[in-house]
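Read off the chains here:
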Amino acid sequence: MSKAVVLVTGGTGLVGQAIKHIIESEPEGSRFGKQPGESWIFASSSEGDLRDPSQSRRLFEKYKPTHVIHLAALVGGLFKNMKYKLTFLRDNILINDNVLHSSYESKVEKLISCLSTCVFPDKVEYPLDERKIHSGAPHESNFGYAHAKRLVDVQNHAYKEEFGCNFTSAIPTNVFGPHDNFDLEDSHVIPGLIHKCYLAKQNNTPFVVAGTGKPLRQFIFSWDLAKLFIWMLREYDDVEPVILSVGEDEEVSIRAVADAIVKAVGFQGDYTFDTKRADGQFRKPASNKKLLSLMGGFEFTPFDQALDITVDWFLKNYESARTGNANIA
Ligand code: NAP
Ligand code: GDP
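This structure is a prediction, so every number in the text was calculated from the model and none was measured.

## Notes on the site of ligand 2
Then, in step 1: Around ligand 2, the structure places 18 residues, and the nearest of them are Leu 78, Lys 196, Arg 217, Ala 278 and Asp 279.
Then, in step 2: Ser 187 places a polar main-chain atom, nitrogen or oxygen, 2.9 Å from a nitrogen atom of ligand 2.
Then, in step 3: Residue Asp 279 places a main-chain N or O atom 2.6 Å away from an oxygen atom belonging to ligand 2.
Then, in step 4: With the chains in place, 97% of the 540 Å² that ligand 2 exposes on its own is no longer accessible.

This is the structure:
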């Protein structure tokens, strides 16, 4: 990969900033560090709105990437997905189609796009694995996002078969870490609850967790995920996706997440569940067997340690972090 130019779309977000952190902090030349001659570009939407084909083409003409990690997407937690199904479907279809086609036109040597375990069928035999993406309808709460993301896998195969492109995709579980979106309503559960718990501690107000607290999720720390993306970029060459996740035996209930956040934030009071609010999909355990067998093992950061790093970052960056209402264009 010497002289490689790696373009990270969505480079200013949670996952993009984690990749930047790892590339800049791991020793040069190491498995996850920067390689000699390599340059990395972390693009934001202000450099080009990727829903627009001409802006996408311009971004690719400007940087002439040899490799692309495609993260840019309209992203949100359960409640934002439920509210904006069509916008999630359209924006993500447009972004993905433009990035894949610009990559093809500019002869990118390798492209990894980012899916999510949300794309999997709702009614399916667990654990989820890479072969089950298209074998049933996704959960109704996020069918817009899920269908847009599933199409990337279809496109990857079509680009390979018609044009021989080296396009593939990664499937992370629920991600958290520094630089997340900590919006109170539109974010994912961990950043949303960190912000709510912080406000409850500061203002002596109730800390309310949405839903019953019973659903189960697998969480991956963004710095771990960043290493797995870098591994895929360098060491994985196949069109079939890879699930990037902790083990299927590491599901955590939302109640346990709330307890861990209370501890990490140092909140002394009680909290309640608003059971009128949606739980979303009850569980979606995904297998990391393929990942671990290809990588030969990987040491994930313990959940509590990763949560402490995230809360610490949030507290230090409260003024500049994404805490307000997200814009839907
Ligand atoms: P994020 O923090 O919300 O960041 C989104 C990134 O996409 C930002 O850099 C944003 O740019 C960019 N972007 C959004 N709309 C764009 C547009 N129209 N044109 C160009 N860039 C645009 O999201 P994230 O959590 O890092 O997600 C990264 C990827 O991981 C996404 O593909 C997401 O679907 C996937 N994923 C996330 C999770 C999770 O739990 N967060 C789980 C599974 C998969 P600006 O900063 O300029 O707005
Ligand atoms: P999902 O994994 O795609 O469903 O997305 P989320 O990260 O949004 O997690 C949703 C789960 O967390 C659901 O069971 C919600 O009921 C629960 N939850 C509890 N409090 C919150 C919150 O403040 N924000 C979000 N997004 N979910 C919450």
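## Details of the state of the cysteines
Then, in step 1: In total, this model carries zero disulfides according to the counting rule given.
Then, in step 2: Counting only cysteine sulfurs, Cys 114 is the nearest neighbor of Cys 118, a cysteine outside any disulfide, at a range of 11 Å.
Then, in step 3: Taking relative accessible area as the criterion, Cys 118 reaches 15% and is therefore assigned buried.

## Considerations on the environment of Arg 58
Then, in step 1: Take Arg 58: it is sitting in helix α2 (residues 53–63).
Then, in step 2: Taking the C-alpha atoms as reference points, Arg 58 and Phe 300, 242 residues apart in sequence, are found 38 Å from one another.

## Considerations on the pattern of salt bridges
Then, in step 1: Inspection of every chain in the model, using the stated rule, returns 16 salt bridges.
Then, in step 2: With a closest N to O distance of 2.8 Å, Asp 312 and Lys 316 form a salt bridge. Of this pair, Asp 312 and Lys 316 both sit in helix α10 (residues 303–316), four residues apart, roughly one helical turn.
Then, in step 3: Its relative accessible area of 37% is what places Asp 312 among the partly exposed residues.
Then, in step 4: Three or more residues joined by partner-sharing salt bridges are found here, namely Asp 49, Arg 51 and Asp 91.

## Some points on the sheet that holds strand β10 (residues 242–244)
Then, in step 1: Strand order in this open sheet of six strands is β2-β1-β3-β4-β5-β10, and the pairing throughout is parallel. The sheet terminates laterally at β2 (39–42) and β10, the two strands that pair on one side only. The sheet shows a mean angle of 20° between the axes of neighbouring strands, direction not considered.
Then, in step 2: Both strand β3 (residues 67–70) and strand β4 (residues 110–114) contribute to a ladder of four bridges, which runs parallel.

## Notes on unusual backbone geometry
Then, in step 1: In this model, Tyr 126 is joined to Pro 127 through a cis peptide bond whose omega is 0°.
Then, in step 2: Here Pro 127 lies in the loop between β4 and α5 (143–163).
Then, in step 3: Phi at Lys 107 takes a positive value of approximately 55°, unusual for a residue other than glycine.
Then, in step 4: When you line up the elements, Lys 107 lands in the loop between α4 (85–105) and β4.

## With respect to the packing of aromatic side chains
Then, in step 1: Under the counting rule described, the total for this entry stands at 22 aromatic pairs.
Then, in step 2: Relative to Phe 273, the ring of Tyr 271 has its centre 5.5 Å away and its plane inclined at 75°; by these criteria the two rings are edge-to-face.
Then, in step 3: A centroid spacing of 5.3 Å and a plane angle of 90° characterise the contact between Phe 314 and Tyr 318, whose relative ring orientation is edge-to-face.
Then, in step 4: On the basis of relative accessible area, Tyr 318 is assigned to the partly exposed category, the value being 22%.
Then, in step 5: Sitting over the face of the ring of Phe 79, Arg 277 holds its NZ or CZ atom 3.9 Å from the ring centroid.

## A word on the packing of α2 against α4
Then, in step 1: Axis separation between α2 and α4 bottoms out at 9 Å; the angle between their running directions is 45°. The pairing of α2 with α4 is recorded here as oblique in orientation. As α2 runs across α4, the sense of the crossing is right-handed. Every residue of α4 that contacts α2 at Pro 53, Ser 56, Arg 57 and Phe 60 is listed here: Asn 98, Val 99, Ser 102, Ser 103 and Glu 105.
Then, in step 2: Among the residues making up the contact of α2 with α4, the classes are represented as three nonpolar, four polar and two charged.

Procedures and definitions
Residues numbered from 1 in each chain as written. Chains lettered and ligands numbered in written order. Predicted model: local features only at pLDDT ≥ 70, side-chain atom pairs only at ≥ 80, totals over all residues. Heavy atoms only, no water. Near = heavy atom within 4 Å. Polar contact = N/O pair within 3.5 Å; in protein donor to acceptor, adjacent residues only side chain to side chain. Areas by Shrake-Rupley, 256 points an atom, 1.4 Å probe, with all protein chains shown as cover. Disulfide = S-S within 2.5 Å. Buried < 20%, exposed > 50% of the residue type's maximum accessible area, 1.4 Å probe, protein only. Helix = DSSP H or I, 4+ residues; strand = E, 2+ residues; numbered from the N terminus. Salt bridge = Lys/Arg side-chain N within 4 Å of Asp/Glu carboxyl O. Pairing = 2+ DSSP bridges. Axes fitted to C-alpha atoms, helices over the stretch in contact; angles between N-to-C directions. Phe/Tyr/Trp six-rings, centres within 6.5 Å; stacked < 30°, edge-to-face > 60°. Lys NZ or Arg CZ within 6 Å of the ring centre and 35° of its normal. Parallel < 35°, antiparallel > 145°, perpendicular 65-115°, else oblique. Left-handed = near helix turned anticlockwise from the far one by under 90°. Contact = heavy atoms within 4.5 Å. Nonpolar A, V, L, I, M, F, W, Y, C, P; charged D, E, K, R; others polar.

Any functional reading would require information that these geometric values do not contain.
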